[in-house]
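A structural walkthrough
Below are the chains, spelled out letter by letter.
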Amino acid sequence: MAPIIAPSILAADFANIQKEVEMLNESSADWIHIDIMDGMFVPNISFGMPVLAAIQQHAKKPLDVHLMIEQPERYVETFKKLGADTISVHYEACPHLHRNLQQLRDLDCRVGVALNPHTSVDLLADTLHDIDLVCLMSVNPGFGGQKFIEQTYQKVRKLRAMAEAQNTPLRIEIDGGVNSQNAPKLIEAGADVLVAGSFVFRAEDPIATIAGLKG
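To keep things clear, this report deals only with the structure shown in the data block. (Residues numbered from 1 in each chain as written. Predicted model: local features only at pLDDT ≥ 70, side-chain atom pairs only at ≥ 80, totals over all residues. Heavy atoms only, no water.)

Structural notes on the overall build of the protein
- Helices and strands together make up the secondary structure of the protein, namely eight helices and eight strands.
- Rg of the C-alpha trace for the protein: 16 Å, near the compact-globule value of 17 Å for 215 residues, within the 12% margin.
- Dimensions of the protein, computed from the C-alpha atoms along their principal axes, are close to 45 × 35 × 30 Å.
- Sequence separation of at least 24 residues holds for 63% of the intrachain contacts in the protein that already meet a minimum separation of 6. (Helix = DSSP H or I, 4+ residues; strand = E, 2+ residues; numbered from the N terminus. Rg over C-alpha atoms; globule rule 2.2 N^0.38 Å. Contact = heavy atoms within 4.5 Å.)

Focus on the environment of glutamine 102
- Among the secondary structure elements, glutamine 102 is positioned in helix H4 (residues 97–106).
- The class for glutamine 102 is partly exposed, based on a relative accessible area of 43%.
- Taking the C-alpha atoms as reference, glutamine 102 lies 17 Å from histidine 66; in sequence the two are 36 residues apart. (Buried < 20%, exposed > 50% of the residue type's maximum accessible area, 1.4 Å probe, protein only.)

What about the pairing of strand S1 (residues 4–7)?
- Of the two faces of S1, both are covered, the one formed by Ile4 and Ala6 as well as the one formed by Ile5 and Pro7.
- Relative to strand S8 (residues 193–196), S1 runs parallel, the two sharing four bridges. Note that in S8 the partner of isoleucine 5 across the bridge is leucine 194. (Pairing = 2+ DSSP bridges.)

A closer look at the packing of aromatic side chains
- The final tally for this structure, using the stated rule, is two aromatic pairs.
- For the ring pair phenylalanine 14 and phenylalanine 47, a centre distance of 5.6 Å and an interplane angle of 70° mean the geometry is edge-to-face. Remark: phenylalanine 47 occurs in the loop between strand S2 (32–37) and helix H2 (49–58) and phenylalanine 14 occurs in the loop between S1 and helix H1 (17–26); sequence separation between them is 33 residues.
- The class of phenylalanine 14 is partly exposed, set by a relative accessible area of 45%.
- An angle of 55° between the planes, with centres 5.3 Å apart, marks the rings of phenylalanine 148 and tyrosine 153 as tilted.
- The exposure class of phenylalanine 148 is buried, given its relative accessible area of 8%.
- Note on tyrosine 153: relative accessible area 10%, which makes it buried. (Phe/Tyr/Trp six-rings, centres within 6.5 Å; stacked < 30°, edge-to-face > 60°.)

Considerations on the nonpolar core
- Core analysis: the biggest nonpolar cluster contains 58 residues, and Ile9, Ile34 and Ile174 have the highest contact counts within it.
- Contact partners of isoleucine 174, with chain neighbours within four places excluded, come to Leu136, Ser138, Phe148, Thr152, Val156, Leu186, Ala191, Val193, Leu194 and Val195.
- If you look at the next biggest cluster of nonpolar residues, it comprises 10 residues, including Trp31, Leu133, Cys135 and Val195. (Core = buried A, V, L, I, M, F, W, Y, C linked by side-chain atoms within 4.5 Å.)

A look at the side chain of threonine 119
- One can find threonine 119 in the loop between strand S5 (110–115) and strand S6 (133–137).
- Among the polar contacts listed, one links the side chain of threonine 119 to the side chain of glutamate 92, at a separation of 2.5 Å.
- Each residue touching threonine 119, except ones within four places of it in the same chain, is listed here: Tyr91, Glu92 and Lys155. (Polar contact = N/O pair within 3.5 Å; in protein donor to acceptor, adjacent residues only side chain to side chain.)

Focus: the pattern of salt bridges
- All chains considered together, the criterion is met by five salt bridges.
- The partner of glutamate 77 in a salt bridge is lysine 81, and the shortest N-O contact between them spans 3.6 Å. Here glutamate 77 pairs with lysine 81, and both are found in helix H3 (residues 76–81), just four residues apart, close to one helical turn.
- Take lysine 81: its relative accessible area is 65%, and that puts it in the exposed class. (Salt bridge = Lys/Arg side-chain N within 4 Å of Asp/Glu carboxyl O.)

Description of the environment of proline 141
- With respect to the secondary-structure elements, proline 141 resides in the loop between S6 and helix H5 (152–165).
- In contact with proline 141, other than residues within four places in its own chain, are Val42, Pro43, Met68, Asn116 and Pro117.

Comments concerning the sheet that holds S2
- A sheet is described by the order of its strands in space; here eight strands give the open sequence S1-S8-S7-S6-S5-S4-S3-S2, paired in parallel fashion. Edge positions in the sheet fall to S1 and S2, since each has one partner strand and no second. The average undirected angle you get between the axes of adjacent strands in this sheet is 25°.
- Here strand S3 (residues 63–68) pairs with strand S4 (residues 84–90) via five bridges, running parallel. Its bridge partner being in S4, leucine 63 is matched across the sheet by alanine 84.
- Relative to S3, H2 is tilted by about 170°, and along the sheet it contacts S2 and S3. (Axes fitted to C-alpha atoms, helices over the stretch in contact; angles between N-to-C directions.)

Structure representation (structure tokens):
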């Protein structure tokens, strides 16, 4: 089965955001990945509600919203109203993760949890049945264009084994440094959603690049 490709709009040309979204609509991309950063959880600020609302007006693909923010429970309802199909909160930002997962489930969106590179997948063992998608960060969160962390393959294999042992249909998403070289290895390891930012938007032909990632 071909992987789900979710280009990250963080790497797009912000001066032509409508054009970039329309390009993704025409491509074989499955989702549009949107990174929300607050300058607190990560040392960067991206965009918030008004930009998401603008993207939603033109997007014909599901919106995969990745919240790199502290206290995400304050905002998830608003992001859902603005069109988020998937909302991922960071394990490291949620001291009461189960409560956050219940809140997302009540919003009737795809429930996601993101893990930083240093965070073990073992920490999700008791909540895996409440999660639809785990986003494994394969770079340190906050900035695009970073080098892929090789340890990610091992984390994918371990997480896939955990999901199979618990008989839960988990999607495993990889975010950071994804390209045509590591994409097949990630899929082989057990990932099924690939986020690609710079690799897509800086390509000479982004539509062909997306098609290549799908295999």
